[in-house]
Amino acid sequence: MQEALREARRAFDLGEVPVGAVIVKDGNIIGRGHNLAESSKDPTAHAEIIAIRQAAENLGGWRLTGCCLYVTTEPCSMCAGAIVLARIKKLYIGTMDKKAGACGSVLNIINDSRLNHYTETETGIMQEECESMMKEFFKRLRTKKSEEDKT
């Protein structure tokens, strides 16, 4: 999760929502990503999607069986769907997203018995660190907006 936090910090420094993701197979990082939706003007440029694409490229195939995904914030519905489609074995989540999370908070796509794959999940990994970065980001964003509104 520390590597995922490093990725989240990269997003934070770019003014992106600070979410970071890392995919591990056999103890090696094979994919990593951080949010780039704002900078790339691409709504699919979420940390998890970027990490999944990189891992698939490194493995030479789209099935990421035996892989674990570490992500600082609970994935949204798009990313949860990609996790299922990629056949990721286990998902480690730093902090849950009670507004848009799709891995147990609002929805639970990764564990929907109607789908063809089940992803094990563990939550609360370095939760305090993951939450504090997210809170700091949105606090700064609100302050910046408030200052802009004054001018």
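Source: prediction; values computed, not measured.

**Some points on the nonpolar core**
Okay, so step 1: Among the nonpolar cores identified, the biggest contains 28 residues, and Ile23, Ile52, Leu64, Ile88 and Leu91 are the most heavily contacted of them.
Okay, so step 2: At the level of elements, β1 (20-25), α3 (47-59), β3 (68-73), α4 (77-85) and β4 (90-95) are the ones that each hand at least two residues to this core.
Okay, so step 3: A per-element tally of this core places α3 first, with six residues.
Okay, so step 4: Discounting chain neighbours no more than four positions away, the residues touching leucine 91 are Leu69, Val71, Pro75, Ile83, Cys103, Ile110, Thr119, Glu120, Thr121 and Glu122.

**Digging into helix α5 (residues 127-150)**
Okay, so step 1: With 24 residues, α5 should reach 34 Å at 1.5 Å per residue; the first-to-last C-alpha distance of 35 Å fits that figure.
Okay, so step 2: All of the buried residues in α5 are Cys130, Met133, Met134 and Phe137.
Okay, so step 3: Along its buried surface, α5 packs onto α1 (2-13), β3 and β4.

**Comments concerning the packing of α3 against α4**
Okay, so step 1: Direction vectors running N to C along α3 and α4 enclose 25 degrees, while the axes themselves pass 9 Å from each other. Here α3 lies roughly parallel to α4, going by the angle between them. For α3 against α4, the interelement crossing comes out left-handed. Facing α3, whose interface residues are Glu48, Ile49 and Ile52, α4 presents Met78, Cys79, Ala82 and Ile83.
Okay, so step 2: By residue class, the composition of the contact of α3 with α4 is six nonpolar, no polar and one charged.

Definitions and cut-offs
Residues numbered from 1 in each chain as written. Predicted model: local features only at pLDDT ≥ 70, side-chain atom pairs only at ≥ 80, totals over all residues. Heavy atoms only, no water. Core = buried A, V, L, I, M, F, W, Y, C linked by side-chain atoms within 4.5 Å. Buried < 20%, exposed > 50% of the residue type's maximum accessible area, 1.4 Å probe, protein only. Helix = DSSP H or I, 4+ residues; strand = E, 2+ residues; numbered from the N terminus. Contact = heavy atoms within 4.5 Å. Expected span 1.5 Å × (residues − 1). Axes fitted to C-alpha atoms, helices over the stretch in contact; angles between N-to-C directions. Parallel < 35°, antiparallel > 145°, perpendicular 65-115°, else oblique. Left-handed = near helix turned anticlockwise from the far one by under 90°. Nonpolar A, V, L, I, M, F, W, Y, C, P; charged D, E, K, R; others polar.

Remember, this is a structural readout, not a statement about activity or role.
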